[in-house]
Amino acid sequence: MDEIFDKLQSVVDRYDELNELISDPEVIADTQKFMKLSKEEADLRDTVAAFKKYQKVSKQLDDDKEMLREKIDDDLEAMVKDEITSLTDEKDKLEDQMKVMLLPKDPNDDKNIIMEIHGAAGGDEGSLFAADLFSMYSKYAERQGWKVEIIDKNETEVGGFKEIVLMITGDKVYSKLKYENGAHRVQRVPVTESAGRVHTSTATVGVMPEEEDVDIDIDPKDIRVDVYRSSGAGGQHINKTSSAVRMTHLPTGIVVAMQDERSQQQNRQKAMKILKARVYDYYAQQEQDQYNAERKSAIGTGDRSERIRTYNYPQNRVTDHRIGLTLNKLDRIMNGELDEIIDALIVSDQAKKLENLTNE
């Protein structure tokens, strides 16, 4: 623990320094610098509070043990022993908590996300399941106090989605939804199936952090922009002007088409937002593949082809295959009650990172 204490003390020293800096009139006058330092101070606050509580508990524990060495009556001795047991448990919990707090943070955790949901295997049933996943994430976002905006969608005749693209904004969205990347499998009797047989279909989910200019710099020369008229159902043109935009990132071949908005400028802005996220995601997945080749991670957050979860309707069961978690409450999960799954994934990921940290 000595090495951890040294790290924690350096965090406390930095926290004290930050509090001095954000009280400095010169820093306060520089809005951008003040906001940056204030955010850093807020990020360290919980760690510092836990460390100070740990120090207080440790001192009380030492005092109690010292008291036991002295001559005290039986009743007081029993009380002190009970307190020592309680404080020891609290100290152990605080140690585990502080180890997790010192783990390297994902720089994207505080970001908003762009989520893409695609109906995959299973035709109409796959598209209907994509719509169910959209509903599930929308309800979960509402529970978290987040905002969901549909950026683009491609609906099917049966009421599902070949593809739907969302922007989800709020507090620490990426930190909770990044584990949703991958193939989601559903097992149920389709509405169109008269014989009542259970079918298996899939939908894929992609979660990308919303990228700002400072995060990824795309050379304008690497983007080809085509403009054309927006078309409605059946292919008829609904605009007399060329408001639809197609952007192609030449180095990666990534294409984004946007015709949702009435003006070309609005479509350009939305297309660029999605293009940046997809290009960032493309390069991030390449890095993740390289990292996984060197050290296999327990929780995959990059591979879209990885089957991560099965939703079994006949048995009201959901299984997350990465951590072996099975819950018999599919109805509640589809209603947006995802906390139990997401919390378990976060804990499992932290445990794996702690193991790697210990082995290094």
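All values reported here derive from a predicted model rather than from experimental measurement.

Turning our eyes to something else, we now look at the sheet that holds strand E7 (residues 244-249). Pairing is antiparallel across the open sheet formed by three strands, whose spatial order is E6-E7-E8. Every interior strand has two partners, whereas the edge strands, strand E6 (223-228) and strand E8 (254-258), have only one. Sheet twist, expressed as the average angle between the axes of neighbouring strands with direction ignored, equals 15°. Where E6 and E7 come together, six bridges link them in antiparallel fashion. What sits directly across from Asp 226, in E7, is Arg 246.

The next subject is the confidence of the model for the protein. Confidence along the protein averages 82 in pLDDT terms, with 85% of residues attaining 70 or more. Contacts for the low-pLDDT stretch residues 232-239, under 50 throughout, to residues beyond four places or in other chains number 11 contacts. Segment residues 294-303: pLDDT under 50, and 21 contacts once partners within four positions in sequence are set aside and those in other chains are kept.

On to the pattern of salt bridges, then. Going through the model one piece at a time under the given rule, you end up with 25 salt bridges. Close ionic contact of Glu 90 with Lys 53 constitutes a salt bridge, the shortest N to O distance being 3.6 Å. One end of the pair, Glu 90, is in helix H4 (residues 74-101); the other, Lys 53, is in helix H3 (residues 31-69), with 37 residues separating them in the sequence. The exposure class assigned to Lys 53 is partly exposed, which follows from its relative accessible area of 44%. We note a salt bridge from Arg 278 to Glu 116, for which the minimum N-O separation is 2.4 Å. Separated by 162 residues along the polypeptide, Arg 278 in helix H7 (residues 264-294) and Glu 116 in strand E1 (residues 113-119) bring together distant segments of the chain. Grouping residues by exposure puts Arg 278 and Glu 116 together as buried. Through salt bridges with shared partners, one network takes in Lys 39, Asp 43, Asp 110 and Lys 172.

Between two packed helices, both the angle of their axes relative to each other and the distance between the axes serve to describe the pair. The contact between H3 and H4 brings their axes to 9 Å, and the two run at 155°. Considering the angle they form, H3 stands roughly antiparallel to H4. Note on packing geometry: the crossing formed by H3 with H4 is left-handed. Split into classes, the residues belonging to the contact of H3 with H4 amount to 14 nonpolar, five polar and 10 charged.

Reading guide: rules and limits
- Residues numbered from 1 in each chain as written.
- Predicted model: local features only at pLDDT ≥ 70, side-chain atom pairs only at ≥ 80, totals over all residues.
- Heavy atoms only, no water.
- Pairing = 2+ DSSP bridges.
- Helix = DSSP H or I, 4+ residues; strand = E, 2+ residues; numbered from the N terminus.
- Axes fitted to C-alpha atoms, helices over the stretch in contact; angles between N-to-C directions.
- pLDDT = per-residue confidence, 0-100.
- Contact = heavy atoms within 4.5 Å.
- Salt bridge = Lys/Arg side-chain N within 4 Å of Asp/Glu carboxyl O.
- Buried < 20%, exposed > 50% of the residue type's maximum accessible area, 1.4 Å probe, protein only.
- Parallel < 35°, antiparallel > 145°, perpendicular 65-115°, else oblique.
- Left-handed = near helix turned anticlockwise from the far one by under 90°.
- Nonpolar A, V, L, I, M, F, W, Y, C, P; charged D, E, K, R; others polar.

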